[in-house]
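What follows is each chain in one-letter form.
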Amino acid sequence: MFTCQPVLVDWSVSVSLEDLSEHPFTDGKQWEPKPCVLPKRYMDFAEQIRNFEVFEDDVWIVTFPKCGTTWTQEMVWLIDQNLDYQTAKTINLNDRSVFLELFSTFDPMDDTITSARNLPRPRHIKSHLPVALLPKQLWTVKPKIVYVSRNPKDVAASYLHHYRGIAGYRGTKEEFFERLLADEIEYCPQIAHVLEFWRIKNHPNVLFLTYEQMKRDLRKVLPTVCDFFGKKFSNEQLDLLAKHLSFDEMKKNPATNNVELVQTRMKQEGREGESFEFMRKGQIGDYKNELSSSFIDRFDEFIERELRGSDFKFDC
Ligand code: PPS
């Protein structure tokens, strides 16, 4: 059974200064990204991922976990594929938009690195990795990158349920939140992840979105995403797309609701019959139902501390 025991990946041994000089945010200055928390197994694939070949027409969807990745994957796939609902309904989103490093963090699993490599072009690839661990060619080839952030308190609530339902975490919710505040959960540090992409938000190949902006008015966000992809659709088409992407529609759509993935995972671990819905609540502010007032205060302090010196603000 999985316990909440993180393993630090000391990536600094595998990233040389020469590599870092290719990054856009070095700006000629020293760049010292923090180590990222990942399972030990990841180390066997780290170099393969960093050397993954990138194509100019790729579309990369990058987020910290539980920030609306799946939602964004479906949105950008449909926009990039000229609203091909037929294919979107028949081929599972996870096969159209592949989670690059999943294979390196879960075992056993399909080799998602190979699946991503072999996708028909334009390839759609999802990743939760921070900048230093992503393929180096992202910064030279410069494909489209869509980044999504979500306020850390709602991420905390969503990630807790994910850890319980998908990873089989059996610890207390308090221990989980303590670990998140200490940046000791998979893919942490959380806020540094966002700030790296906030720093490059104005690069022409980067689109920076937030879960809250999508949730408050997705229909209003769609033209911006279409512009980014050089696509133009009628108002009626965009109305239909917003409906297709609504929480209720995606929850009942077998190609997007991840029911199959969750069931496979539970079966692999002998946890059949447990209840966990990937499409859980899809709300802003659900943290109020999960975090005690003392944890809310501590998350607020954590956010304030980690954002010090940045003009980025979380919504909510
Ligand atoms: S993962 O596992 O990291 O890839 O998860 P991710 O897809 O990033 O985030 C899952 C949360 O996004 C919610 N979600 C949505 N919200 C609103 N509208 C739509 N269409 C939608 N699709 C997914 C999902 O319910 C998870 O949030 P919580 O708060 O747990 O409900």
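To be clear, the structure that these remarks concern was listed above.
To keep things clear, this report deals only with the structure shown in the data block.

Re the site of the ligand
- As a structural note, the neighbourhood of the ligand is formed by 22 residues, with Thr69, Thr70, Ser158, Lys281 and Gly282 the closest of them.
- Taking Lys281, its main chain carries an N or O atom lying 2.7 Å from an oxygen atom of the ligand.
- Taking 650 Å² as the accessible area of the ligand by itself, protein coverage stands at 98%.
- Secondary-structure elements contributing two or more residues to the shell around the ligand are helix H3 (69–80), helix H9 (152–165) and helix H14 (247–252).
- By residue class, the composition of the shell around the ligand is 9 nonpolar, 8 polar and 5 charged.

Quick notes on helix H17 (residues 293–307)
- The terminal C-alpha atoms of H17 lie 21 Å apart, and with 15 residues this matches the ideal 21 Å at 1.5 Å per residue to within 8%.
- Positioned one or two residues after H17, Gly309 has a phi angle of 90 degrees, which is positive.

Details of the nonpolar core
- Trp60, Met75 and Phe197 are the most contacted members of the largest nonpolar core, which totals 99 residues.
- Element by element, the count of residues in this core is highest for helix H12 (residues 211–228), at 8 residues.
- Once residues within four sequence positions are removed from consideration, Phe197 is found in contact with Val62, Val131, Leu134, Trp139, Ile145, Tyr147 and Phe208.

A short note on the environment of Phe99
- Summarising the element assignment, Phe99 is placed in strand S4 (residues 97–99).
- In this structure, the C-alpha to C-alpha distance between Phe99 and Asn205, residues 106 residues apart in sequence, is 20 Å.
- Not counting chain neighbours up to four residues away, the residues in contact with Phe99 comprise Thr112, Lys126, His128 and Tyr187.

A closer look at the sheet that holds S4
- Spatially, 5 strands are ordered S4-S5-S3-S6-S7 in an open sheet, and the strand pairing comes out parallel. Two strands in the sheet have a free side with no partner beyond their single neighbour: S4 and strand S7 (206–210). For this sheet, the mean angle separating the axes of adjacent strands, direction not counted, is 20 degrees.
- Relative to S7, strand S6 (residues 144–149) runs parallel, the two being bridged by 5 bridges. Bridge pairing in S7 links Tyr147 to Phe208.
- Contacts from H3 reach strand S3 (59–63), S4, strand S5 (124–127), S6 and S7, with the element oriented near 165 degrees to S3.

Here's the deal with the packing of helix H11 (residues 190–199) against H17
- Contact geometry of H11 with H17 gives a least axis separation of 10 Å together with a crossing angle of 40 degrees. Classed by the angle they form, the pair H11 and H17 counts as oblique. Viewed along their axes, H11 and H17 form a crossing whose handedness is right-handed. Between H11 and H17, the contacting residues are Gln190, Ile191 and Leu195 on the first element and Phe302, Ile303, Glu306 and Leu307 on the second.

Some remarks on the pairing of S5
- Alternating residues of S5 divide into His124 and Lys126 and Ile125 and Ser127, and every residue in both groups is buried.
- Strand direction decides the pairing type here: S3 and S5, joined by 4 bridges, are parallel. The partner of Ile61 across the bridge, within S5, is Lys126.
- Direction of pairing for S4 relative to S5: parallel, over a ladder of 3 bridges. Bridge pairing links Phe99 to Lys126 in S5.

Cut-off values and rules
- Residues numbered from 1 in each chain as written.
- Predicted model: local features only at pLDDT ≥ 70, side-chain atom pairs only at ≥ 80, totals over all residues.
- Heavy atoms only, no water.
- Near = heavy atom within 4 Å.
- Polar contact = N/O pair within 3.5 Å; in protein donor to acceptor, adjacent residues only side chain to side chain.
- Areas by Shrake-Rupley, 256 points an atom, 1.4 Å probe, with all protein chains shown as cover.
- Helix = DSSP H or I, 4+ residues; strand = E, 2+ residues; numbered from the N terminus.
- Nonpolar A, V, L, I, M, F, W, Y, C, P; charged D, E, K, R; others polar.
- Expected span 1.5 Å × (residues − 1).
- Core = buried A, V, L, I, M, F, W, Y, C linked by side-chain atoms within 4.5 Å.
- Buried < 20%, exposed > 50% of the residue type's maximum accessible area, 1.4 Å probe, protein only.
- Contact = heavy atoms within 4.5 Å.
- Pairing = 2+ DSSP bridges.
- Axes fitted to C-alpha atoms, helices over the stretch in contact; angles between N-to-C directions.
- Parallel < 35°, antiparallel > 145°, perpendicular 65-115°, else oblique.
- Left-handed = near helix turned anticlockwise from the far one by under 90°.

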